[in-house]
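Survey of secondary and tertiary structure
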Amino acid sequence: MFSWGEDSQGGFRLKDGSYAAGTTGDGVHFVDFHITDLSAGLSVLAFVKSNGNAFIIRTNESKDGRRARGKQKFVICKEKIQAVSCGDDMVTLLSETGRVLCVGSVHTSSIPRTPEALCNISVSHVACGSQHSVALTKDGQVYTWGQDSRGQLGLGKRKLGTDSPQHLRALSAIPLVQVAAGGEQSFALSVSGGVFGWGRNDCGQLGLRDTTDRQTPTLVHHLNMKKTIYISCGKDHTAILTKDGVVFTFGSGQYGQLGHNSFSDELRPRLVAELWGAKVIKIACGRHHTLVMTDAKKLYSFGCGDHGQLGHGEESHPSVPLPVQLPQDATDVPQIWNIYAGGNCSFATCSSNELQEVHEGSNSDSLNNVTQHCVDNMIDKWTSEHNSKTWKKIKQEIKRTFSSASCMNQSFLERRNDKHFLTSQKFSGLRLSVARLAFQKLVKKDDVWAEVEAAVTQLIPSLDEKPVGVEGLRIYLLLFQLLDVIQKHKQSTELAEAVAAAVVKLSADNLQVIVDWWSSLSPSTMVQYVKVWKKTLSTILSTSPVPCNSGVKNLLLVLQYMYNANNRTAGCQRIPEKTFCLGINEAFLQEDLKVWRSVSKNKPLILCRFPFVMDLKSKIIAFNIDANWTQRKHQKLVWTIFGWFPQTSPHFFELRLKRASLLDGTFTQLAAADHSALKKPLVVYFDEDLKVTDVYKRDFFHHLFCNMVSANSGMFMFNDSKTLAWFPSKLLDVQPSLEDMLEFSPCVGKSLQQILVYEDDVLENLYMDFLIDWDGTEVDLDPQNPKRPLTSQNKKEFVDAYVNHAFNTSVEGVFQEFRRGFFQVCDRDMVKLFQPSELQGVLVGQDVYDWAKLKQNTVYDLGYHVGHPSILAFWEVFDELTEDQKKDFLWFLTGFRRAPILGMDHIQMTIRVKQVQDSSRDQLFPESLTCHSILDLPLYSTKEIMRNKLTEALIPERGFLE
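Reading the values: the criteria
All residue numbers here refer to positions counted from 1 along the written sequence of the relevant chain. This being a predicted model, a pLDDT of at least 70 is required before a residue's local features are given, and a value of 80 or more before pairs of side-chain atoms are given or counted; all residues contribute to the totals for chains, interfaces and linings. Heavy atoms throughout the structure, all of them, feed into the side-chain values; hydrogens and water do not. A run of H or I in DSSP counts as a helix once it spans at least four residues, and a run of E counts as a strand once it spans at least two, with each numbered from the N terminus. Radius of gyration here is computed from C-alpha atoms only, and the compact-globule reference equals 2.2 Å multiplied by the residue count raised to the power 0.38. For each residue, the accessible area found with a 1.4 Å probe, counting protein chains only, is set against the maximum for its type, and the residue is called buried under 20%, exposed over 50%, and partly exposed in between. Whether two residues are in contact is decided by their heavy atoms, any of which lying within 4.5 Å being enough. Residue burial considers only the protein chains on display, and all accessible areas are found by Shrake-Rupley using a 1.4 Å probe. The sign given to each residue is positive for Lys and Arg and negative for Asp and Glu; His and the chain ends receive no count. A charged residue contributes its charge at one atom only: NZ of Lys, CZ of Arg, CG of Asp or CD of Glu. For our purposes a nonpolar core is just a set of buried Ala, Val, Leu, Ile, Met, Phe, Trp, Tyr and Cys residues, chained together by side-chain atoms within 4.5 Å. By salt bridge we mean one thing: a side-chain nitrogen of Lys or Arg within 4 Å of a carboxyl oxygen of Asp or Glu. Pairs of strands are assigned from DSSP output, requiring at least two bridges between the strands. Only Phe, Tyr and Trp rings are paired, with Trp represented by its six-membered ring, and only when their centres lie within 6.5 Å; those with planes under 30 degrees apart are stacked, over 60 edge-to-face, the remainder tilted. In the analysis that follows, any N or O atom pair within 3.5 Å is treated as a polar contact, provided that within protein one partner can donate a hydrogen and the other can accept it, and provided that, for residues neighboring in sequence, both atoms belong to side chains. Convention adopted: a line fitted to C-alpha atoms gives each axis, helices being fitted over their contacting stretch, and angles between N-to-C directions are expressed from 0 to 180 degrees. Roughly parallel refers to an angle under 35 degrees, roughly antiparallel to one over 145, roughly perpendicular to one between 65 and 115, and oblique to any angle outside these ranges. The residue classification treats Ala, Val, Leu, Ile, Met, Phe, Trp, Tyr, Cys and Pro as nonpolar and Asp, Glu, Lys and Arg as charged. All others, Gly included, are polar. A helix's residues, less one, multiplied by 1.5 Å, set its expected span. In this context, the arc is that of the directions from the helix axis out to the C-beta atoms. Seen with its strands pointing away from the viewer, a crossover is right-handed when the path leading from the first strand over the helix to the second is clockwise. Two distance rules govern patches: like charges are joined within 9 Å, and nonpolar side chains (Val, Leu, Ile, Met, Phe, Trp, Tyr) within 5 Å, applied only to residues with over 30% relative accessible area and no salt bridge. Cysteine sulfur atoms that come within 2.5 Å of each other are treated as a disulfide pair. In the cavity and pocket records, a cavity denotes points on a 1 Å grid over the protein atoms alone where a 1.4 Å probe fits but cannot get out, a pocket denotes an open set with protein on both sides within 12 Å along at least 5 of 7 lines, and lining residues are residues with an atom within 4 Å of a point. Grid points are joined across faces, edges and corners, and a volume is the space filled by probe spheres set on the points.

We now examine the overall build of the protein chain. A count of helical and extended segments in the protein chain gives 27 helices and 38 strands. Its C-alpha atoms give the protein chain a radius of gyration of 41 Å, clearly above 30 Å, the size a compact globule of 962 residues would have. Counting only C-alpha atoms and orienting by the principal axes, one finds that the protein chain spans roughly 135 × 80 × 55 Å. The buried share among the 962 residues of the protein chain stands at 51%. Summarising the internal contacts of the protein chain: among those between residues at least 6 apart in sequence, 60% fall at separations of at least 24. Just so you have it, the protein chain exposes about 45,800 Å², and 50% of that area is on carbon and sulfur atoms. Across the protein chain, 104 positive and 107 negative side-chain charges occur, with their mean positions spaced 6 Å apart.

Next up, the structure:
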């Protein structure tokens, strides 16, 4: 190997038994000495030979301050050593089996010992700072111990320190591949290149753009998506290597150790520009210097060179990467394959071609493969036939994989084209399709699935409520995918409830990341996830009584988060809102309404909190139940053995009207009525006929509405296309948009659209300002700035102001009166259960007609049957009617011209023979009982007579004014 720097050769025992003489500052020396790992601290150096033996060399300091290495000493250990790491004066060793061994300072015992906390834990990587240590276990967990003077243990509250390794739970969900430590700072590296730092930061050595120490792991945001694959730390500076061979440095630049041609500190990672063009494959930091190796096996160094640790010879530019001057007279020197830097010295190891192949796996790139699981092969092994001996091992593997968030996390990464390195708040880095296939294999074997379920059940309560960085949140997407697969094979709600409880405990910021990931999912995947929670919730709501506990609330909250995520999604990717809806039985709705209307402080489970999960039918049921209760309350009914009876009279709100003056009579009586009477059941009498029937009430609403919206009434302003602007959106406080204007007035809407896309020069040539003509009146949309010119900078403001005036300002007075009257009758909270389109449909029905469904649902009575000649003739006549005539028939049959909002399924027509006393049946018209959708159809002698009588009966005004 090559060595240079402070006492560069001192202490090594050569093949002939002699010890190499120590030298300082006199260039790079070749030492015929083979090692597989090496680490150096301020006062100690340790190395491992190819046979697994480890040795320690301590640096002694004389009274006059001179330092010199002692002789190497063998570390007595029964196991072969794989790696070493040195602090200032202590050494941590790692055996091939994953056992950690610690050797203290010169003043303590030199016999290696394993910390008790790590006795039964297998470790994959160790790193030492000046007076602290960090270990990464094979299942991805981090342990720290030693001094904690600047928060370098990452445990939160700064303490004096601890000799016992402590589990760093903050990183438990992140798949880690490396830990690193410097003076009083520590780092961890994730498989997807996430860099997490904690500890001392007075020089910016954590790369967090400030000089504040961190007591817990903190993500270095500036290194996101840089594909970091290795971290190395000096005393006060840090270097990182990317998969593309780029080097970033940050922290103290006092000695030029950052390589930026300056001696300034860098508070955030900065690319070492002088190395641009050369692909770096190795980096190593000494106390105050940095060493790198390129893919051409060339070495460069920068930083403090007081002890010759740079190997620059006569060159004197320590702040710029310069080549290490290797001996020119060395012949037959094998190729360099690794570099080390520590304390005030540097090393480069080399090997023959044969050994190079053996050691090739030790380069920094391999760290990305150390903890990757061959998931497919492993699951195939689990699900294949096995005996009791192999089953024991399989159970251990399943537990290790599925009880660890970090193991699950790294098992299903999107590794194609290194996409997982792009993990961010917008991209999870997971390949969910692979995870789904794997889970589908697992559930097919009952014994395997039982072990998986037990492991996941153990995992969920341990999930951190505040994971560091977004990578720790991937576990939630995987759990959602697992639940989806499970539900297709097993009816159980416990696991889903546990996952929901974990989700709702997350902080708002972390929840937002998951919401963003949901927003980026394909619609089909999003639908799958929604169904998971709907199915669980539906199962629970079907029990009696429904448990109104936190578990149900958590399920509803998760659905709420997904609903919010869907609303943030672009239109083409958004799934229909009805995907979130489920039918809720009437008994539950009644109980929920009782809670809502009670004087107690209890809150209902769904009503007023999660109305989006209610399908339209459930909302209507709830609305009607509440309306009936309100009517009973205002009727002051009491319950007797004979049913509900009023205490006072009148117990109805009565309108006594004349057909010829319907509009005037209605308004006169409404104006005179007490407001509380409006909440009683309505009874309508026409022309002094005291018969109480719903037919009159339906006639009343139909004809009154037609009179109100006619141009003759003068009550409504019509737009160009003569369509009505409905109030539901405004009633529900939904702000109007340009899309609403396009529907209300296509001409104006398109003009406003054009303004938004006009270039600057086009707008200038239009000479427009914020003055508009509205209903024959000039209106200034910005009264604070009269005649403000329209520009490209304010065009969006102009369009918004125009829409706001059209739908809000111009109708504010009359609309407020409409709102006041509407909510005097209808409960505001119940109305808000509905979406605007739903509310409009509930109020006036819908223009979607399924005439085939009407025929399919029809039943026959009093002599008629589906094959009766008159029935066959009737449907032939019906099919020949125009669309408007069919709508007139619907009004004739039901009292409503528009289809029910819940569809034509909710109309069941009964056709029966109209009984007559003589043979004048051809003179009679069909009649209907609208309350029951009954059609009394005479036995006409011909189809033609039936057509004439039916079409004449459908004339809208026929019968109302007669």
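Bringing the nonpolar core into the picture now. By size, the foremost hydrophobic cluster in this structure holds 120 residues, and its most contacted members are Phe187, Phe402, Phe439, Tyr476, Trp518, Trp533 and Ile606. Filtering out sequence-adjacent residues up to four positions away, Phe439 remains in contact with Phe402, Met408, Phe412, Leu478, Gln481, Leu482 and Val485. Counting residues in hydrophobic clusters, the runner-up holds 29 residues, among them Phe892, Leu893, Val913 and Met946.

What follows is about the pattern of salt bridges. Taken as a whole, this structure holds 40 salt bridges when the rule is applied. In this structure, Glu184 and Arg200 form a salt bridge, with 2.4 Å as the shortest nitrogen-oxygen distance. Taken as a pair, Glu184 in the loop between strand 15 (176–181) and strand 16 (185–190) and Arg200 in the loop between strand 17 (195–199) and strand 18 (214–219) lie far apart in primary sequence, 16 residues in all. Assigned by exposure class, Glu184 and Arg200 land together as buried. The salt bridge partner of Asp800 is Lys796, with a shortest N-O separation of 2.8 Å.

Attention now moves to the sheet that holds strand 23 (residues 280–285). With antiparallel pairing, four strands are arranged side by side in an open sheet as 23-24-25-26. The open sheet has two free edges, formed respectively by strand 23 and strand 26 (322–323), since each of these has just one partner strand. Alignment of strand 25 (residues 299–303) against strand 26, held across two bridges, turns out to be antiparallel. Within the sheet, the bridge partner assigned to Ser301 lies in strand 26 and is Leu322.

As a further point, take the packing of aromatic side chains. Tallied over the entire structure, the rule returns 31 aromatic pairs. Relative to Tyr529, the ring of Phe480 has its centre 5.6 Å away and its plane inclined at 85°; by these criteria the two rings are edge-to-face. Note that Phe480 is positioned in helix 7 (residues 474–487) and Tyr529 in helix 10 (residues 523–541), a separation of 49 residues in sequence. Looking at Phe480, the relative accessible area reads 2%, which means it is buried. Assessed through its relative accessible area of 0%, Tyr529 is described here as buried. An angle of 85° between the planes, with centres 5.4 Å apart, marks the rings of Tyr563 and Phe580 as edge-to-face.

On to the side chain of Ser190, then. You can see Ser190 is positioned in strand 16. For Ser190, the side chain forms a polar contact with the side chain of Glu471, separated by 2.6 Å. Dropping the residues within four chain positions of it, Ser190 is found in contact with Ile174, Pro175, Leu176, Val177, Phe196 and Glu471.

A few words on the side chain of Lys619. One can find Lys619 in helix 13 (residues 616–635). Classification of Lys619 as buried rests on a relative accessible area of 2%.

On to unusual backbone geometry. The backbone phi angle of Lys297 is positive, close to 65°, even though this residue is not glycine. Position of Lys297 among the secondary structure elements: in the loop between strand 24 (289–294) and strand 25. One non-glycine residue, Asn417, lies in the positive phi region at around 55°. Inspection of the secondary structure puts Asn417 in the loop between helix 4 (405–411) and helix 5 (432–443).

Interhelical geometry of helix 14 (residues 662–672) versus helix 15 (residues 694–708) gives an angle of 100° and a closest axis separation of 9 Å. Taken together, helix 14 and helix 15 sit at an angle that is classed as roughly perpendicular. Together, Leu662, Leu663, Thr666 and Phe667 of helix 14 and Phe700, His703, Leu704, Asn707 and Met708 of helix 15 make up the contact between the two elements. Residue composition of the contact of helix 14 with helix 15, grouped by class: six nonpolar, three polar and no charged.

What follows concerns the sheet that holds strand 12 (residues 132–137). Ordered in space as 11-12-13-14, the four strands form an open sheet in which the pairing is antiparallel. Edge positions in the open sheet fall to strand 11 (123–128) and strand 14 (161–167), since each of these has one partner strand only. Ignoring which end each strand starts from, the neighbouring axes of this sheet average 10° apart. Note that strand 12 and strand 13 (residues 142–147) share five bridges and pair antiparallel. Within strand 13, the residue paired with Ala135 across the bridge is Tyr143.

Attention now goes to helix 6 (residues 446–459). Each α-helix turn comprises 3.6 residues. Residues three or four places apart therefore point the same way. With 14 residues, helix 6 extends 20 Å between its outermost C-alpha atoms, agreeing within 8% with the 20 Å of an ideal straight helix rising 1.5 Å per residue. All buried positions along helix 6 are accounted for by Val448, Trp449, Val452, Glu453, Ala455, Val456 and Leu459. Projected down its long axis, helix 6 shows its buried positions confined to an angular sector of 165°, all on one face. Packed against the buried residues of helix 6 are helix 2 (375–383), helix 3 (388–402), helix 4, helix 5, helix 7 and helix 8 (494–504).

The alternating pattern of strand 31 (residues 653–657) places Phe653, Leu655 and Leu657 on a buried face and Glu654 and Arg656 on a face that is not buried. Handedness of the crossover is the feature at issue here: the chain leaves strand 31, passes through helix 14, returns alongside strand 32 (residues 682–686), and the resulting connection is right-handed.

Further remarks concern a nonpolar patch on the surface. A cluster of nonpolar residues, Phe667, Leu670 and Met715, forms a patch on the protein surface that exposes about 240 Å² of accessible area. Summarising the element assignment, Leu670 is placed in helix 14. Here Leu670 falls in the partly exposed class, since its relative accessible area comes to 35%.

Here we take up the state of the cysteines. Per the counting criterion, the structure on display carries zero disulfides. The thiol sulfur of Cys128 is not disulfide-bonded, and the nearest other cysteine sulfur, from Cys86, lies at 7.0 Å.

Our focus in this paragraph is the environment of Val100. Checked against the element boundaries, Val100 lands in strand 10 (residues 100–103). Measuring from C-alpha to C-alpha, the distance between Val100 and Ser192 comes to 26 Å, with 92 residues separating the pair along the chain. Among all residues touching Val100, those that are not within four sequence positions of it are Thr92, Leu93, Leu94, Arg113, Thr114, Pro115, Leu118, Val123, Val126 and Trp145.

Quick look at empty space enclosed by the protein now. Across all of its chains, the model carries four cavities of 30 Å³ or more by this definition. When its volume is computed, the largest cavity comes out at roughly 90 Å³. Together, 13 residues line the largest cavity, and Glu6, Thr59, Arg67, Arg69 and Cys345 are the ones closest to its centre. When residues of the lining of the largest cavity are traced back to their parent elements, those giving at least two are strand 4 (44–48) and strand 6 (67–69). Class assignment of the residues belonging to the lining of the largest cavity gives a composition of five nonpolar, four polar and four charged. Roughly 60 Å³ of internal volume is contained in the second largest cavity. Lining the second largest cavity, in full, are Trp449, Glu453, Leu483, Ile486, Gln487, Lys490, Ser492, Leu495, Ala496 and Thr536. Looking at the lining of the second largest cavity, the elements that each hand over two or more residues are helix 6, helix 7 and helix 8. By residue number, the principal contributor to the lining of the second largest cavity is helix 7, which donates three residues. Each residue belonging to the lining of the second largest cavity can be placed in one class, and the counts come to five nonpolar, three polar and two charged.

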